[in-house]
Amino acid sequence: MCGICGFTGEIVDRDRVLREMAELITHRGPDSSGFYTDSSVAMGFRRLSIIDVDASGNQPIYNEDRTLVLTFNGEIYNYRQLRAELEGKGHRFYTQTDSEVLVHGFEEWGEEMLPRLRGMFGFAIWNTKDQSLFLARDFFGIKPVHYAQVGDHFVYGSEIKSILAFPGFEKKFNYATLDRYLSFQYAVPPETFFEGVYCLLPAHFLWYRGGKVTVQRYWEPRFQPDESLSEAEAVDRIEKVFEDSVNAHKISDVEVGCFLSSGVDSSYVSTYFADQKTFTVGFDFGDHYNEIHWAQDLSREIGAEHHSQVITSEEFWGNIKKVQYHMDQPLADPSCIALYFVSRLASQYVKVVLSGEGADELFGGYTVYNEPRVFRLYRAILPQSVRTFLRKMVQKVPRRFKGQGFITRGEYPTNESFIGNAKMFGYEDKQRLLKDPSLASRPQEITRKYYDRVKDLDDVTRMQYLDINLWMVGDILLKADRMSMANSLELRVPFLDKEVFKVAATIPTKLRVNRKNTKYAMRQAALRHLPEATAQKEKLGFPVPTRVWLRDKKYYDIVKSAFQSEIAEKFFHTEELIRYLDDHFNGLRDYSRRIWTVFIFIVWYDIYFNGTSHEPGDIPHF
């Protein structure tokens, strides 16, 4: 696992600039660095040694005549098979690393190499003959690639902070992204919070030739449910392909560990880690926020060496700023901070960990995927106008009551009501909250194009497709990459493997989500390896006690100071922010997720636009 950065064209003191850009992402690769420059391009690299760990695996990597130059972030799990095929075609290799497969594969197949790969990747290839630059990102977006046009220069990097360091880049805030963030809790790609900086989307490649950027998609995760598939056949296929994927993802020249919560996803992965290490963190706020004892029991049962940490409130709040610095952009998912701690814990013992990300999106694991079935009768009986009237009435009730959420969420059909696993502020909410209400847009303007691509499929499958393309990219995989890399730890996700997806795409909807459970068929496969209580356990995610903290005067005051700051005044009607905060503090409503969304944005803005410090232990104060 590594970090890449670079730019085209000549600038003053180019070598120093390139090294400074690379130094900003040293955490992605502390083991070594590498650089390539010619009259047209400068390419930087930071290495975390995993495969072929001696110096022969250092980058840049070249083809035989050194006309192609590669810098690469990621892992290619089928590199041995590809290497054998390329050697059969006459290519000569000089390292044992998986990286070299890319440069020879590109020389042989060009863009058509990408569908042949199995792995996670973000890489750059410079062609010295035609002066072209090629960038590509993996199938699901596990590894990041960002880019910008700065005058006559094309600038790219694994993290945005490298691009910000390029001379001549003018840092401007992207107001449109704030609007989307307030609804989705993340910056919706390809836009970022910085004007002119873009995220290369998953399964896309980019050419920079003759001063022009062209972007193209090379693969799409399309579901094709096979309704004739029996439960036994589905479970057999899942078990077989997942075991193959885990074994592929464990290929390494260094020790590999496993993140472990009480949920079925990471637990299923951990069953392949006998005599190896597992890692868990939790909070001292009762069983709902602490899964350590579950993880300890399972680790003992499978014969794994377990390590855990209880995160104190002071530790959590004292690392919010550091985490938001590493994120590059605000992410209002509080679990990213917990993920930072478990990554830090694991990095003390191993260089590589496996985790369970992607299982919910591929196999239908989120509880919200039950809603099309639950709301079917309600929406069929009551016309839209009546459902809207009921929703407006219940929203006027000062305290929540049982059934209120049902009436609110059941108002619109799935393609209007579901924008992903996070839905913070609606259109009307944003109009009241934003100083400039003209910025407010309907989140459905973003989601509509994804729903339209799969309009022939059932609602559950359409929700999964939306989450794979938005939520998983903007939240789940962003935090997984940034928090692991912040601790120089490589995180691998065996569920997000294209071979696993081939199987997941065929599972009938009734075997994904039904009255018995979500992720039903996958749980049945896991049941062959896990205790039933673990395989069937209700999904918790990575619970963080933000709602508890925000009813504690100490943390209420911290957030209130942010909501009354100059930053808050710049973007928001602060009296509306204080209303949310006070109503939550007094127990009238649970506004913790909305409060956290705005608070994290303010913390992030203070770091990236006001230049405040982000050292560990630095609790936000305004």
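This is a predicted model, so every value here is computed, not measured.

Quick word on the packing of aromatic side chains
1) Next: With the rule as written, the count across this model stands at 70 aromatic pairs.
2) Next: Measuring from centroid to centroid gives 6.4 Å for Tyr268 and Tyr272, while their planes differ by 35°, and the two rings are tilted.
3) Next: For Tyr272, a relative accessible area of 15% translates into the label buried.
4) Next: Directly above the aromatic system of Trp207 lies the positively charged group of Arg209, at a separation of 4.0 Å from the ring centroid.
5) Next: We note Arg579 situated over the ring of Tyr580; from NZ or CZ to the ring centre the distance is 4.8 Å.

Topic: the UniProt feature "site: Important for beta-aspartyl-AMP intermediate formation" (unreviewed entry) in the protein
1) Next: According to UniProt, the "site: Important for beta-aspartyl-AMP intermediate formation" (unreviewed entry) feature falls on Glu357.
2) Next: For Glu357, a relative accessible area of 13% translates into the label buried.
3) Next: At 2.7 Å, the side chain of Glu357 forms a polar contact with the side chain of Ser355.

Brief notes about the sheet that holds strand S10 (residues 197-199)
1) Next: Spatially, S2-S3-S1-S9-S8-S10 is the arrangement adopted by the 6 strands of the open sheet, whose pairing is antiparallel. Since the sheet does not close on itself, it has two edges, and those belong to strand S2 (32-37) and S10, each with one partner. Across the sheet, the mean angle from the axis of one strand to that of its neighbour is 15°, orientation sign disregarded.
2) Next: Bridge count between S2 and strand S3 (residues 41-47): 6 bridges; the pairing is antiparallel. Looking at S3, one finds that Thr37 is bridged to Ala42.
3) Next: Contacts between helix H1 (residues 14-23) and the sheet are confined to strand S1 (2-8), S2, S3 and strand S9 (153-157), with S1 contributing the most and set at about 150° to the helix.

A word on the sheet that holds strand S11 (residues 204-209)
1) Next: The sheet built from 6 strands is open, its strands ordered S4-S5-S6-S7-S11-S12 with antiparallel pairing. In the strand order of this sheet, the two ends are held by strand S4 (61-62) and strand S12 (212-217), each with one partner.
2) Next: Where strand S6 (residues 119-127) lies against strand S7 (residues 132-137), 6 bridges are found, and the strand directions are antiparallel. By the bridge assignment, Gly122 is partnered in S7 with Arg137.

Quick notes on the nonpolar core
1) Next: Membership of the largest hydrophobic core comes to 189 residues, with the highest contact counts inside it found for Phe123, Phe140, Phe563, Phe599 and Phe601.
2) Next: Take this core: its biggest share by element is 12 residues, from helix H28 (residues 592-610).

Let's talk about a negative patch on the surface
1) Next: Side chains of Glu64, Asp65, Glu107 and Glu108 sit close together on the surface and give a patch of like negative charge.
2) Next: Here Glu108 lies in helix H3 (residues 99-109).

Conventions we followed
- Residues numbered from 1 in each chain as written.
- Predicted model: local features only at pLDDT ≥ 70, side-chain atom pairs only at ≥ 80, totals over all residues.
- Heavy atoms only, no water.
- Phe/Tyr/Trp six-rings, centres within 6.5 Å; stacked < 30°, edge-to-face > 60°.
- Buried < 20%, exposed > 50% of the residue type's maximum accessible area, 1.4 Å probe, protein only.
- Lys NZ or Arg CZ within 6 Å of the ring centre and 35° of its normal.
- UniProt positions renumbered as here; feature names shortened; annotations may be inferred.
- Polar contact = N/O pair within 3.5 Å; in protein donor to acceptor, adjacent residues only side chain to side chain.
- Pairing = 2+ DSSP bridges.
- Helix = DSSP H or I, 4+ residues; strand = E, 2+ residues; numbered from the N terminus.
- Axes fitted to C-alpha atoms, helices over the stretch in contact; angles between N-to-C directions.
- Contact = heavy atoms within 4.5 Å.
- Core = buried A, V, L, I, M, F, W, Y, C linked by side-chain atoms within 4.5 Å.
- Patch = residues over 30% accessible without salt bridge, like charges linked within 9 Å, V, L, I, M, F, W, Y side chains within 5 Å.
- Areas by Shrake-Rupley, 256 points an atom, 1.4 Å probe, with all protein chains shown as cover.
- Salt bridge = Lys/Arg side-chain N within 4 Å of Asp/Glu carboxyl O.
- Lys, Arg positive; Asp, Glu negative; His and termini not counted.
- Charge placed at Lys NZ, Arg CZ, Asp CG, Glu CD.

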